[in-house]
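This is what each chain is made of:
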Amino acid sequence: MVTHDLSVDLSTTSLNQEEQQATLRELRSQLIKYYRPLLQDGPGPIRIMARIVTELEKACRQHNISEEVIISEIVNRTIGDINVRLITECEGEPGGSRDYRLLADELGVALPGEKLASGYIASGSTYLWLREQMLECERLLLQQGFDLRIYDIYGVGNPVLRSWLAHEMATLWNLPVTYEHILPSLGAMDGIDKTLRGLTLHFQQCSTEGIGILFPEPGFGVPEWQARTYGYTLHRFQTAEEHHFKLTGSQLDALLQEHEDIRVVYLTISNNPTAFSFTAAELRSLYDVLHRYWQNGREILVLADLAYIGTSQPELDRERMSAFQNTDILQHTLFVSSLSKTSTLTGERFGWVTCANPAIANTIAASWTNGMASLPGEWQLRFMAYYRLLQERPWLMEKLRTFYRMRRQRFIEQLRQINTQQPLFAEIYVDDDTTVYNWSKLAPGEDAFSLFEKTGIAGVPGSGFGYTDAYIRFSIGFLPVPAADSTDSKDASTSDATLNNMSTPNIPT
């Protein structure tokens, strides 16, 4: 086998399990040696790690290494996707409230008769129900005079879907918004992209000066690429470990004084990659600083990314979101929401932007109208059907939160057990009960490559998030996490009584 001019001369037949493991580890070592120098100069740390995993799996199959050995020696924790088809965990009685194997069927992802990784055969009833709801939603729109099969003059989506999403923001977070403040998007990234593009027009109308944007790091890197594309001046600031990697009020004040062009502050309220979340008090301290600048006539907007709000306990999310319940704050804040992580619907690309300032909302809407003419009709119907599903089954969100919590706890325990055998970590962080990640600090001399070589677990180096490679991010979303001996399902903070309606087999129509 030859991979990038790296040759491993090993037989491709009649290898026993030990020989297969030795072959796999040699292939892994060779790939790491090749890719290590490319980490900073290549296509980016996330892509580098994902590419190593993909090429290693391909090479293993070329050497007739069994799937069992591949699974035991390669654990891909680079990607943040949640593949519900691969869920195999069940806590308690099969079919009960914590039988997570049912989620693919309950969420309408699994097709009728589909055999999932757990061996469970899906009924597909929700899959079919969603399609019936799409039909009903189209009839509803036609009755109200809105036809998805022709151009939408405003290009920002149908008013019924927008009113439902406004109701969501008002009900969940007590934000007084109407459908005119809602702009549906093809996922959060599309919403951020369109918003940043629209804000360039807004600021150009107000001033001829350059537009700066502040990115606290570590953080999600895609908005940085988007902002650079639209000509923003990027100001990156590395947050501190002692503040749980969150921007503080005093730091924000110093940055705004130093960089007078900063007009936008990008904040992930529950952070990818760190899995730490702002409290209401921390957010208010930031807005106290901003308020002084607003009073002096300097317009600074906050782009608040809510992609992972909803993955934590509801009372904790409500508490942190209470910081935005102020008229002045709402006029200077744009929210980006998504169902990708909260509802494991990554591939559906359901997102929306909430802007309570009507002048700004009207201006940035040009990004939708001029970029798309109309949002896809079938996509809007699918979005509406899923909204109805989540309204009919409110327990689904709680089941997903409990599922994430279980995996995070299991993974942290797994890392701790690894660390007792091999001291690879300086700090294994316990999260704020949110997101689908773990962010930890490696021991001196270790990096993502050495960790992968020694454990088979592939994570993303901190440089993938604007930080240092002394840190690493793992996803708990894509693959199951094995239960350790010390992991006890009673550690989950949600009681069975709270989830006792989760096994409802059908949805009323």
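Before reading further, recall that the structure is shown in the block above.
Bear in mind that the values here come from a model prediction, so they are computed numbers and not experimental data.

Here is what the cut-offs are and how they apply
Residues numbered from 1 in each chain as written. Predicted model: local features only at pLDDT ≥ 70, side-chain atom pairs only at ≥ 80, totals over all residues. Heavy atoms only, no water. Buried < 20%, exposed > 50% of the residue type's maximum accessible area, 1.4 Å probe, protein only. Helix = DSSP H or I, 4+ residues; strand = E, 2+ residues; numbered from the N terminus. Pairing = 2+ DSSP bridges. Salt bridge = Lys/Arg side-chain N within 4 Å of Asp/Glu carboxyl O. Axes fitted to C-alpha atoms, helices over the stretch in contact; angles between N-to-C directions. Contact = heavy atoms within 4.5 Å. Left-handed = near helix turned anticlockwise from the far one by under 90°. Nonpolar A, V, L, I, M, F, W, Y, C, P; charged D, E, K, R; others polar. Arc of directions from axis to C-beta. Phe/Tyr/Trp six-rings, centres within 6.5 Å; stacked < 30°, edge-to-face > 60°. Lys NZ or Arg CZ within 6 Å of the ring centre and 35° of its normal.

Trainee: Residues and numbers for the pairing of strand 9 (residues 333–338), please.
Mentor: Taken across its 6 residues, strand 9 has 6 buried, putting it largely inside the fold. Burial along strand 9 is two-sided: the residues T333, F335 and S337 and L334, V336 and S338 are all buried. Here strand 8 (residues 301–305) pairs with strand 9 via 4 bridges, running parallel. Directly across from A304, in strand 9, lies its bridge partner F335. Where strand 9 lies against strand 10 (residues 350–355), 5 bridges are found, and the strand directions are antiparallel. Counterpart to S337 in the pairing with strand 10 is W352.

Trainee: Quick rundown of the pattern of salt bridges? Include the residues and the values.
Mentor: Considering all chains together, one arrives at 24 salt bridges under this definition. The partner of E89 in a salt bridge is R407, with the nearest N and O atoms 2.8 Å apart. Residue E89 is located in the loop between strand 3 (75–76) and helix 4 (103–106), and its partner R407 is located in helix 15 (residues 395–421); the two are separated by 318 residues in the primary sequence. When sorted by exposure, E89 lands in the same class as R407, which is buried. Where E138 meets R149, a salt bridge forms, and the shortest distance between an N and an O atom there is 2.8 Å. Here R149 lies in the loop between helix 5 (125–143) and helix 6 (159–173) and E138 lies in helix 5, a separation of 11 residues in the sequence. Look at the salt bridges and you will find they share partners, linking R405, R408, D431 and D433 into a network.

Trainee: Outline the sheet that holds strand 7 (residues 262–268), supporting the account with residue identities and numerical values.
Mentor: Across the sheet, 7 strands lie side by side as 4-10-9-8-7-5-6; this open sheet has mixed pairing. Each end of this open sheet is capped by a strand with a single partner; those strands are strand 4 (182–186) and strand 6 (233–238). Each strand axis lies, on average, 20° off the axis of its neighbour in the sheet, ignoring direction. Here strand 5 (residues 212–217) runs beside strand 6; their pairing, made up of 6 bridges, is parallel. Pairing of I213 across the sheet is with L234, part of strand 6. Relative to the sheet, helix 7 (residues 188–206) contacts strand 4, strand 5, strand 7, strand 8, strand 9 and strand 10, its axis offset from that of strand 8 by approximately 175°.

Trainee: Kindly report on the packing of helix 1 (residues 17–35) against helix 2 (residues 45–62), identifying the contributing residues and their values.
Mentor: Following both chains from N to C, one finds helix 1 and helix 2 inclined at 145°, their axes separated by 10 Å at the closest point. Seen from above, helix 1 lies across helix 2 with right-handed handedness. Contact with helix 1, carried on its side by L24, L27, R28, L31 and Y35, involves I48, R51, I52, E55, L56, A59 and C60 of helix 2 and no other residues of that element. Along the lines of polarity and charge, the residues of the contact of helix 1 with helix 2 split into 9 nonpolar, no polar and 3 charged.

Trainee: Go over helix 11 (residues 314–321) with me, naming the residues and quoting the values.
Mentor: Within an α-helix, residues lying three or four positions from one another point in the same direction, as the helix has 3.6 residues per turn. Inspection of helix 11 places D317, R320 and M321 among the buried residues, and these make up the whole buried set. All buried residues of helix 11 project into a common sector of 95° when viewed along the axis, lining one side. Elements in contact with the buried residues of helix 11: helix 6, helix 10 (280–295) and strand 9.

Trainee: Give me the environment of A366: which residues, what numbers.
Mentor: By the element assignment, A366 lies in helix 13 (residues 358–372). When its relative accessible area of 25% is taken as the criterion, A366 is described as partly exposed. As a C-alpha pair, A366 and L148 span 218 residues in sequence and 19 Å in three-dimensional space.

Trainee: An account of the side chain of S337 is requested, with residue identities and associated values reported.
Mentor: Among the secondary structure elements, S337 is positioned in strand 9. Sequence-distant contacts of S337, that is, excluding residues within four places in its chain, are made with M169, A188, L306, G351 and W352.

Trainee: Could you give me a rundown of the packing of aromatic side chains, with the residues and numbers involved?
Mentor: Under the definition given, this model contains 26 aromatic pairs. Centre to centre, the rings of F245 and Y429 are 5.7 Å apart; their planes meet at 90°, and the pair counts as edge-to-face. Here the residue F245 occupies a position in the loop between strand 6 and helix 9 (249–258), and Y429 occupies one in the loop between strand 11 (425–428) and strand 12 (437–442), the gap between them amounting to 184 residues. Judged on exposure class, the residue F245 and its partner Y429 are both buried. Where F324 meets F335, the ring centres are 5.0 Å apart and the plane angle is 90°; that geometry is what we call edge-to-face. Of this pair, F324 sits in the loop between helix 11 and helix 12 (327–331) while F335 sits in strand 9, placing them 11 residues apart in sequence. An aromatic cluster is built from F245, F276, Y429, W439, F465, Y467 and Y471, whose rings are joined through pairwise contacts. Stacked on the ring of F452, the Lys or Arg R28 has its end atom at 5.7 Å from the ring centre.

Trainee: How would you sum up the sheet that holds strand 14 (residues 460–461)? Please name residues and give values.
Mentor: Spatially, 4 strands are ordered 11-12-15-14 in an open sheet, and the strand pairing comes out antiparallel. Looking at the sheet topology across the chains shown, the edges are occupied by strand 11 and strand 14. Sheet topology places strand 14 next to strand 15 (residues 471–475); 2 bridges connect them, and they run antiparallel. Bridge assignment links P461 to a residue of strand 15, and that residue is I472. Those strands touched by helix 16 (residues 448–455) are strand 11, strand 12, strand 14 and strand 15, and its axis lies near 50° from that of strand 15.

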